[in-house]
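Residue-level structural notes
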Amino acid sequence: MGTRERIKFAASTYQRGKLTSRVPTSAQLRKHKDGQYYIHIQIKDEPPKPIKSDKVIGVDFGRRDIAVTSVGDKWDGKQIQNVRDRYARVRASLQEKASKGTRSTRRRARRILKRLSGRERRYQTWLNHNISKLIILSALQHNAIIAIEDLTGIREHTNEQPRSKIERRRSNSWAFFQLRMFLNYKAVQYGVEVVAINPAYTSQTCSECLHIHPVKGKSYRSGKSFKCGHCGNHCDADENGSKMISIVGADFVNPLGGSVLCCNLADHICAAILQTTSGLLKAPGF
Ligand SMILES: [Zn+2]
């Protein structure tokens, strides 16, 4: 101590690769628990400049499907839902055991419960990483930006009627927020712009003719299906939603590009869209 010593830098090809042509900003030398010294190096990574495009891919985070895009990609929630429902059943029975039973049964049940929650979470996280990455790649492939519903909209959206106990557990979950978060940070990383639009009427407006049900409180959307009473468009409700998100998004990105929205829509939707246009964009990659 007190003197300078030169120490060989033991780094693998992987680590050297990570350091190549990047700017180190700081470093700390740390003694780890195993008695070895490690150096932690921070590097600055400049994200690519977001591409400018007036093409917009709408992404709808559905209730039954995890995500549907306006270019036809779809991740249905069935697989993850089966996994989650199975975990939920096991959890319920374990919880009963953890509250009754002998002391050792209770302890064992608690331990399994903890492990289960970790496994379920890791599966969901893995899935969210994949989905968000595929959405970003799709945007790059189409040279498009991404439009999603504003965060506050998700909650209203998933709060639609009817809501059983199972539905409640499914919605408002951290998984939806995690997927959005992943999408946002990967968007910054890959230089894809994300705009958040006001979700007012996106789930109820027909993406073909832009009409909504003329009777207040009624909707062309019924669960998983969307059936327009004006033009007869019949499709998947989340698919219709993603297309509407893309339409509203495009109108925002390119407001002078012949607004299809305002000439066709009834006055009240027009007002809603106008109102969205003012508060539409959260800073790119917010
Ligand atoms: Zn229609």
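Residues numbered from 1 in each chain as written. Predicted model: local features only at pLDDT ≥ 70, side-chain atom pairs only at ≥ 80, totals over all residues. Heavy atoms only, no water.

Once that is clear, we can look at the pattern of salt bridges. Taken as a whole, this structure holds 7 salt bridges when the rule is applied. The salt bridge involving Lys-74 is made with Asp-236; its shortest N-O contact spans 3.3 Å. Placement of Lys-74 in strand E5 (residues 74-76) and of Asp-236 in strand E10 (residues 234-236) is noted, with a sequence separation of 162 residues between them. For Lys-74, a relative accessible area of 37% gives the class partly exposed. Judged by its relative accessible area of 14%, Asp-236 is buried. We note a salt bridge from Glu-96 to Lys-100, for which the minimum N-O separation is 3.5 Å. Among the ionic contacts, a cluster of salt bridges with common partners joins Lys-74, Arg-221, Lys-224, Asp-236 and Asp-238. (Salt bridge = Lys/Arg side-chain N within 4 Å of Asp/Glu carboxyl O. Helix = DSSP H or I, 4+ residues; strand = E, 2+ residues; numbered from the N terminus. Buried < 20%, exposed > 50% of the residue type's maximum accessible area, 1.4 Å probe, protein only.)

What follows concerns the sheet that holds strand E7 (residues 194-197). One open sheet accounts for 5 strands, arranged E5-E4-E3-E6-E7; its pairing is mixed. The open sheet has two free edges, formed respectively by E5 and E7, since each of these has just one partner strand. Geometrically, the sheet is characterised by an average inter-axis angle of 20 degrees between neighbouring strands, direction not taken into account. Where strand E3 (residues 56-60) meets strand E4 (residues 65-69), 2 bridges bridge the pair, whose relative direction is antiparallel. Directly across from Val-59, in E4, lies its bridge partner Thr-69. Across the sheet, helix H7 (residues 237-253) is in contact with E3, E4, E5, strand E6 (145-149) and E7; its angle to E3 comes to roughly 140 degrees. (Pairing = 2+ DSSP bridges. Axes fitted to C-alpha atoms, helices over the stretch in contact; angles between N-to-C directions. Contact = heavy atoms within 4.5 Å.)

With that settled, consider the environment of Leu-179. Looking at the element boundaries, Leu-179 is found in helix H6 (residues 174-190). Note on Leu-179: relative accessible area 1%, which makes it buried. Linking Leu-179 and Leu-127, residues 52 residues apart in sequence, is a C-alpha distance of 8.8 Å. Once residues lying within four places of it in the same chain are set aside, the contact partners of Leu-179 are Phe-61, Ile-66, Asn-128, Ile-131 and Ser-132.

Before going further, it helps to spend a moment on H6. Across its 17 residues, H6 extends 24 Å between first and last C-alpha, which sits within 8% of the 24 Å expected from 1.5 Å per residue. Listing the buried residues of H6 in full gives Ala-175, Phe-176, Gln-178, Leu-179, Arg-180, Phe-182, Leu-183, Asn-184, Lys-186 and Ala-187. Just past H6, the residue Gly-191 takes up positive phi, approximately 75 degrees. (Expected span 1.5 Å × (residues − 1).)

Surrounding the zinc ion are the protein donor atoms Cys-206 (SG), Cys-209 (SG), Cys-228 (SG) and Cys-231 (SG), at 2.3 Å. Spacing between the donor residues of the zinc ion along their common chain follows C-x2-C-x18-C-x2-C. Residues Cys-206 and Cys-209 agree in their burial class; the two are buried. (Donors = N, O, S within 2.8 Å, 3.2 Å for Na, K, Ca; no water.)

With a phi close to 70 degrees, Tyr-201 is a non-glycine residue in the positive phi region. At Leu-210, a position not held by glycine, the phi torsion is positive, near 60 degrees. By the element assignment, Leu-210 lies in the loop between E7 and strand E8 (221-222). The class of Leu-210 is buried, set by a relative accessible area of 6%.

Quick look at a nonpolar patch on the surface now. Where nonpolar side chains cluster on the molecular surface, the patch consists of Phe-9, Leu-29, Tyr-37, Ile-39, Ile-41 and Ile-43 and spans about 560 Å² of accessible area. Top contributing element to the nonpolar patch by residue count: strand E2 (residues 37-44), with 4 residues. Following the sequence through the fold, Ile-41 ends up in strand E2. (Patch = residues over 30% accessible without salt bridge, like charges linked within 9 Å, V, L, I, M, F, W, Y side chains within 5 Å. Areas by Shrake-Rupley, 256 points an atom, 1.4 Å probe, with all protein chains shown as cover.)

Limitation: the analysis is restricted to geometry and does not speak to function.
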